[in-house]
Amino acid sequence: MSILPPRLREIDGAPFFEWLARESREHGGRAIRALVRRSDGVEIHQAFRISVRTDSGGALLVVAVLRGGADELELSADPLRESSGRLSSETSSQAAFEAVPVGVLYFDARARITACNEMLAAQLGSSRDLLVGLDMLTLPNAAVRRAVEEALAGRDGHFDGEYLSATGGRRRLYRALFSPVVRDARVEGGVGIVDDVTERKEIEARLAQGERMASLGRLAAGVAHEINNPLAYVRTSLDVARRELERFAKDGEAKRLEKLLELLAHADDGVERVRVIANDLKTFSRGDEGSWTAVELSRVVETAVNLSWNEIRHRAQLVRQLDALPPVMGSESRYVQVVVNLLVNAAQSIAEGDAQRNRITVRTGRVSPDRVFLEVEDTGRGIDADRIEHVFEPFWTSKPKGVGTGLGLSICHGIVTSAGGEIRVERSEPGVGSTFRIELPVAPDGAFPMHARAAVDPPIREARRTRILVVDDEQKLGATLALALGDRFEVEVVDNGRDAQLVLERDAGFDLVLCDLMMPEVSGMDLYERVSETRPALASRFVFMTGGAFTERAREFLKAHRLRRIEKPFPLERVEELLAEVRDAE
């Protein structure tokens, strides 16, 4: 096979090698640059060095030696003009420095930026003049400083998070790698690669939310079943309790009171089950991707199990092996999403009908003092060895058509790795089962889960009769609270924000304002803001009742004001604790 591309086998009416000999003479014996074709069909420039001789018969012999490499090509002639010429090393490096689609910077051994490309300046909304000379060890962001210090110590330093540019005033999400430049075993500085990942993170968050909602839709039938079961005996218990009260009113038989108390205990148990399920649904569905707090893995597991239970119970026995662990940093709702996905996948890998023989095991423990693990193990159909490497790829799925989106494990991988963790298939064997393992770093000292709070002793100081204002557009809830609290406190009930504002403007003597967050016309948020202006002393006595902050404004309001709140439904003892907290705060 000829090494020459077909278009070069004849040039200017002469065979290639005859042309090559002529060009070599005209260029004073210099090597001639031309394309040759490799065995795989790829064309590459080579420098032809020519030697012309005459054999014994007088025939002209052309000997061509091919040489590659940058130096040879630089010195060769290019009569075909097929190359635009080679950039100098310095020009080439500068062109690459400016052309890469990420921010690049160089810094010296004192962490001072010595050079940066325009992309970095654009990402930060700044300029080279403001960035060059900047001492990165004086930056206000401690995580960036730590990453740079790692590079100066001879190790790669990583940053992944929010950064506010002091020079550009832009608050964005960045991912950066700082690597050392070492010469003669000494760190002379380093290079940083910075990527603005704000839009990418937003897309990932939307994908995660979409997958969470898709999962919620798939779980809906099972969740409805779990809610309807306790509601059935709550309603039956209340119906019978009402009848027993009517009979007691007639005959006064004491045994009826014992039966009544038992029925009410059953109803209370059912309401608590519904409350737990509703709270788990809210945790799972809420959009708190940006809210990173200390999270208890045991709480994540319980929430995920409650949501997945209807998928599990018809297929396998559930085994919990949960060690007492320190919290991890992250988003509780996103970790719940991960564990729900693993549990549902495990359940769907097991055929229905033989739950007694199959098991799904959830296991937690320590990897090291600063790292913990969570495993989900099943006795399902397992994964073929050649498929394991694909399980975390987007849109890849081994499930039948219409079952799953193919995004679940990919999103789980993104959630776990963004928290500095790792997720992998620890073990899988067809016909035996699979084990998925998550490893996460523990939260730093001093970080506590959001739901954790110190117990508050509930004694109520009764120097005078305590006054409570209940503001809720659900009239039956207001009436029930008045009945429940009225024997110990002076309770006033208002069913809208506008009337509540009038009450509080004329009377600032309430010890506690139990206010619904979401109401039509004048919401609890509106009421709080207006009362804060006219009666500022009352603002600290507000406690918001909420069944879930479903609007963006409500979430931002609660986050901005850090106010006390109570999740519906709630036990009466919690109202007494809140009253004690409000009083102690004053």
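Here the structure is shown first, and the text comes after it.
For every chain, the first residue of the written sequence is number 1, and numbering continues from 1 along that sequence. With pLDDT at 70 or above as the cut-off, local features in this predicted model cover only qualifying residues; side-chain atom pairs require 80 or more to be listed or tallied, and sums for whole chains, interfaces and linings still use all residues. Excluding hydrogens and water, the side-chain values take into account all heavy atoms of the structure.

## Considering the sheet that holds strand S17 (residues 433–441)
Pairing is mixed in the open sheet, where five strands are placed in the order S12-S14-S15-S17-S16. Edge positions in the sheet fall to strand S12 (317–321) and strand S16 (422–429), since each has one partner strand and no second. With strand direction ignored, the average angle separating the axes of adjacent strands in the sheet is 15 degrees. In this description, contact between two residues means that some pair of their heavy atoms is separated by no more than 4.5 Å. Each axis is a line fitted through C-alpha atoms, and for a helix only the stretch in contact is used; angles between axes span 0 to 180 degrees, taken between their N-to-C directions. Secondary structure elements are defined from DSSP: runs of H or I of at least 4 residues count as helices, runs of E of at least 2 residues count as strands, and each element is numbered from the N terminus. This element, helix H9 (residues 297–312), spans S12, strand S14 (359–368), strand S15 (371–378) and S17 of the sheet and lies at about 175 degrees to S12. Along the sheet, helix H10 (residues 332–348) contacts S14, S15 and S17; its crossing angle with S15, the most-contacted strand, is approximately 25 degrees. Two strands pair if DSSP finds at least two bridges between them.

## Digging into the side chain of Glu23
Along the chain, Glu23 falls in helix H1 (residues 16–26). Exposure categories follow from relative accessible area, calculated using a 1.4 Å probe and restricted to protein chains: below 20% of the type maximum is buried, above 50% is exposed, and the middle band is partly exposed. None of His or the chain ends enter the tally, which takes Lys and Arg as positive and Asp and Glu as negative. The salt bridge definition used is simple: a Lys or Arg side-chain nitrogen within 4 Å of an Asp or Glu carboxyl oxygen. One buried charge, Glu23, has no salt-bridge partner; the nearest side chain with opposite charge is Arg22, at 4.5 Å. In contact with Glu23, other than residues within four places in its own chain, are Ile32 and Pro79.

## Comments concerning the pairing of S15
Put simply, side chains in a regular strand alternate between the two faces of the sheet. A large share of S15 lies buried, amounting to seven of its eight residues. The sheet contact formed by S14 and S15 spans eight bridges and is antiparallel. For Thr364, the partnering residue across the bridge sits in S15 and is Leu374. The hairpin turn running from S14 into S15, its antiparallel successor, is two residues long. Here S15 runs beside S17; their pairing, made up of seven bridges, is antiparallel. Following the sheet pairing, Leu374 is matched in S17 by Ile438.

## Regarding the sheet that holds strand S21 (residues 542–546)
Across the sheet, five strands lie side by side as S19-S18-S20-S21-S22; this open sheet has parallel pairing. Edge positions in the sheet fall to strand S19 (490–494) and strand S22 (565–567), since each of these pairs with one other strand and no more. The average undirected angle you get between the axes of adjacent strands in this sheet is 20 degrees. Where strand S20 (residues 512–516) meets S21, four bridges bridge the pair, whose relative direction is parallel.

## Focus on the pattern of salt bridges
Counted under the stated rule, the structure contains 24 salt bridges. Residue Glu375 is joined to Arg363 by a salt bridge in which the shortest nitrogen-to-oxygen separation is 2.8 Å. With Glu375 in strand S15 and Arg363 in strand S14, the pair connects residues that are 12 residues apart, well separated along the chain. Under the relative-accessibility criterion, Arg363 is labelled buried at 19%. Between Arg437 and Glu375 there is a salt bridge, and its shortest N-O distance comes to 2.6 Å. Of the two residues, Arg437 is situated in strand S17 and Glu375 in strand S15; the sequence distance between them amounts to 62 residues. As far as the burial class goes, Arg437 and Glu375 line up, both buried.

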